[in-house]
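As a plain string of letters, each chain reads:
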Amino acid sequence: MTKTIHVTESIRLFPNKKQLHYFRRASSTTVHVYNKALAWSDEFYNEFQTAISQKELLGSLKEYALELENQDKPHGLEYHTWREGIFRFLEARKRWLKGLSGKPRYQSNKWKRSRSFYVREDRLRVELYRGNLEVKIPGLAKHDNKKGWVRASEDGVRFVGLKIKRARVVFDGKYWYLKFAVEVGASRPENVGNSIGIDLGITNLMVTSNGDVIEPAWNNKKYKKLLTRKKGLQRKLARQRIEEKKNKLEEHSKNYWKTRNKLWRVERHLEEFKKAYVIQVAKEALATKPETLVLENLNIQGMIKNKRLSSKIHEVGWYRLRLQLEWEQEKDCLGTIIAPSNYPASKLCSQCGYKKGDLTLSDRIYQCVNCNLEIDRDYNASLNLLALANTR
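Now for a quick tour of the structure. (Residues numbered from 1 in each chain as written. Predicted model: local features only at pLDDT ≥ 70, side-chain atom pairs only at ≥ 80, totals over all residues. Heavy atoms only, no water.)

## Some remarks on the side chain of Thr 81
Thinking step 1. Relative to the helices and strands, Thr 81 resides in helix H3 (residues 79-82).
Thinking step 2. A polar side-chain atom of Thr 81 sits 3.2 Å from the main-chain carbonyl oxygen of Tyr 118.
Thinking step 3. Setting aside its immediate chain neighbours within four residues, Thr 81 contacts Ala 26, Thr 30, Phe 117 and Tyr 118. (Helix = DSSP H or I, 4+ residues; strand = E, 2+ residues; numbered from the N terminus. Polar contact = N/O pair within 3.5 Å; in protein donor to acceptor, adjacent residues only side chain to side chain. Contact = heavy atoms within 4.5 Å.)

Here you go:
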């Protein structure tokens with residue numbers, strides 16, 4: 001079985017000073033237009049008591065662009081990049097109306113914030129020139145003497161000649177990347193293993209029906225060291241802020257910015273470690289290439305209302321892990337089942353099916369009063385999830 005799937009890839013870019021200036025302006029303008037769209041939407045609703053449409057927002061954007069040109073302040077960006085902020089706002093409003101996220105809020109344009117801007121893929125080119133890989137960014141040519149060509153890392157050579165979709169230039173807080181999607185062929189592996197059920201948790205990140213237990217990232221020595229470093233820098237930064245208020249300084253000192261940069265680098269390192277750890281554990285859990293993967297449908301929004309567990313739930317990253325597990329199955333043309341939200345995987349006995357209604361979070365051992373089974377609570381839940389794969 002073979003099918004075509006879209007894979008997200010990235011190439012690191014090495015812009016010169018002029019190109020870097022354009023990247024910052026383009027990403028900053030996208031945030032600026034998003035905030036403008038939010039302001040226009042609020043004004044329109046206050047006046048007409050109805051939501052503003054996409055056509056009206058784009059019309060307001062054209063008027064705003066003409067206004068800037070009349071003031072000799074042209075934005076100098078490609079129209080597709082300029083209007084990206086409008087589509088970001090419309091997507092945020094759509095998610096809010098569906099109840100998937102909160103109400104759109106004004107975005108910050110602070111220094112060294114993670115940001116991105118849209119690139120037209122029909123005019124984007126990735127080519128080898130004199131032994132070096134270069135990427136042509138649409139709209140950059142009139143701002144740069146290299147005619148829009150940006151030097152890129154050599155590991156992107158494999159994308160030369162491929163059709164690129166959904167391209168964006170992204171700043172992750174330290175480096176600039178071209179992120180995009182490409183079509184690749186996915187085939188089913190020859191040796192497919194038995195189905196597997198995976199229970200997600202906090203004490204144990206994952207417990208599989210095969211008996212494997214995977215710990216969360218915070219039990220890793222490297223993660224603990226980075227977290228300790230982060231807390232120390234946060235305390236130091238707080239002390240510097242208090243000192244500045246005492247001295248009534250209008251601007252932050254150089255030492256403040258040195259500490260802030262160190263903290264920002266540690267935070268970025270932590271985030272990169274979490275991403276790499278999720279990919280690693282997902283591959284470990286699915287090393288046998290199971291025919292079907294069964295996961296529980298966790299109500300994360302409801303669970304974070306528990307103040308004692310909310311910080312740990314945010315840190316453990318269940319949703320990111322679930323997406324990675326689903327992706328590992330999809331690229332191997334294997335199945336994934338998400339258990340119904342009302343399925344009591346933890347309360348059912350995996351041996352006789354008895355439902356224990358008085359089970360609490362503190363009960364780590366499941367004791368069945370019907371068949372006297374004693375089993376680890378998470379392992380019992382994974383076996384119940386596996387039973388769903390056998391019934392379908």
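## Topic: the pattern of salt bridges
Thinking step 1. This model, assessed by the stated rule, comprises 13 salt bridges.
Thinking step 2. With its nearest N and O atoms 3.8 Å apart, the salt bridge here joins Glu 84 to Arg 88. Of this pair, Glu 84 and Arg 88 both sit in helix H4 (residues 84-97), separated by 4 residues, roughly a single helical turn.
Thinking step 3. Between Glu 271 and Arg 320 there is a salt bridge, with the nearest N and O atoms lying 2.5 Å from each other. One end of the pair, Glu 271, is in helix H6 (residues 254-285); the other, Arg 320, is in helix H9 (residues 318-330), and 49 residues separate them in sequence.
Thinking step 4. Using a relative accessible area of 32% as the deciding quantity, one classes Arg 320 as partly exposed.
Thinking step 5. When salt bridges with common partners are traced through the structure, they connect Glu 84, Arg 88 and Arg 168 into a single cluster. (Salt bridge = Lys/Arg side-chain N within 4 Å of Asp/Glu carboxyl O. Buried < 20%, exposed > 50% of the residue type's maximum accessible area, 1.4 Å probe, protein only.)

## Observations concerning the packing of aromatic side chains
Thinking step 1. A complete count under the given rule lists 13 aromatic pairs for this structure.
Thinking step 2. Plain terms: the ring middles of Phe 44 and Phe 48 are 4.8 Å apart, the flat faces sit at 45° to each other, and that makes the pair tilted. Of the two residues, Phe 44 and Phe 48 both sit in helix H1 (residues 17-48), 4 residues apart, roughly one turn of that helix.
Thinking step 3. Centroid distance Phe 171 to Trp 176: 4.8 Å. Interplanar angle 35°. Geometry classified as tilted.
Thinking step 4. A residue is classified by how much of its surface remains accessible, and Phe 171, at 12% relative accessible area, is buried. (Phe/Tyr/Trp six-rings, centres within 6.5 Å; stacked < 30°, edge-to-face > 60°.)

## A few points about the sheet that holds strand S2 (residues 115-118)
Where strands meet in a sheet, backbone hydrogen bonds hold them as pairs that are either parallel or antiparallel.
Thinking step 1. Strand order across the open sheet formed by 7 strands is S2-S6-S7-S1-S5-S4-S3, with antiparallel pairing between neighbours. What marks the edges here is a single partner per strand, and that holds for S2 and strand S3 (125-129). Sheet twist, expressed as the average angle between the axes of neighbouring strands with direction ignored, equals 40°.
Thinking step 2. Bridge analysis of strand S6 (residues 164-171) against strand S7 (residues 176-187) gives 6 bridges, and the strand direction is antiparallel. Bridge pairing links Ile 164 to Val 182 in S7. (Pairing = 2+ DSSP bridges. Axes fitted to C-alpha atoms, helices over the stretch in contact; angles between N-to-C directions.)

## Side note on the packing of H1 against H4
Thinking step 1. Packing of H1 against H4 brings their axes to within 7 Å, and their N-to-C directions diverge by 55°. The angle between H1 and H4 falls in the class oblique. Note that H1 runs across H4; the crossing there is right-handed. Of the residues in H4, those in contact with Thr 30, Val 33, Tyr 34, Ala 37, Leu 38, Trp 40 and Ser 41 of H1 are Glu 84, Gly 85, Ile 86, Arg 88, Phe 89, Ala 92 and Arg 93.
Thinking step 2. By residue class, the composition of the contact of H1 with H4 is 8 nonpolar, 3 polar and 3 charged. (Parallel < 35°, antiparallel > 145°, perpendicular 65-115°, else oblique. Left-handed = near helix turned anticlockwise from the far one by under 90°. Nonpolar A, V, L, I, M, F, W, Y, C, P; charged D, E, K, R; others polar.)

## Re a positive patch on the surface
Thinking step 1. A cluster of basic residues, Lys 174, Arg 229, Lys 231, Arg 235, Lys 236, Arg 239, Lys 254, Lys 258, Lys 262, Arg 265 and Lys 312, forms a positive patch on the protein surface.
Thinking step 2. Where the positive patch is concerned, the elements lending two or more residues are helix H5 (221-247) and H6.
Thinking step 3. Ranked by residues supplied to the positive patch, first place goes to H5 with 5 residues.
Thinking step 4. Topologically, Lys 262 is positioned in helix H6. (Patch = residues over 30% accessible without salt bridge, like charges linked within 9 Å, V, L, I, M, F, W, Y side chains within 5 Å. Areas by Shrake-Rupley, 256 points an atom, 1.4 Å probe, with all protein chains shown as cover. Lys, Arg positive; Asp, Glu negative; His and termini not counted. Charge placed at Lys NZ, Arg CZ, Asp CG, Glu CD.)

## A look at H5
Thinking step 1. Look at H5: 40 Å from first C-alpha to last across 27 residues, which is about the 39 Å you get at 1.5 Å a residue.
Thinking step 2. Elements in contact with the buried residues of H5: H6 and helix H8 (310-316).
Thinking step 3. The backbone nitrogen of Lys 222 lies 2.8 Å from a side-chain oxygen of the residue at the head of H5, namely Asn 220.
Thinking step 4. Lys 248 sits one or two positions beyond H5 and adopts a positive phi of about 55°. (Expected span 1.5 Å × (residues − 1).)

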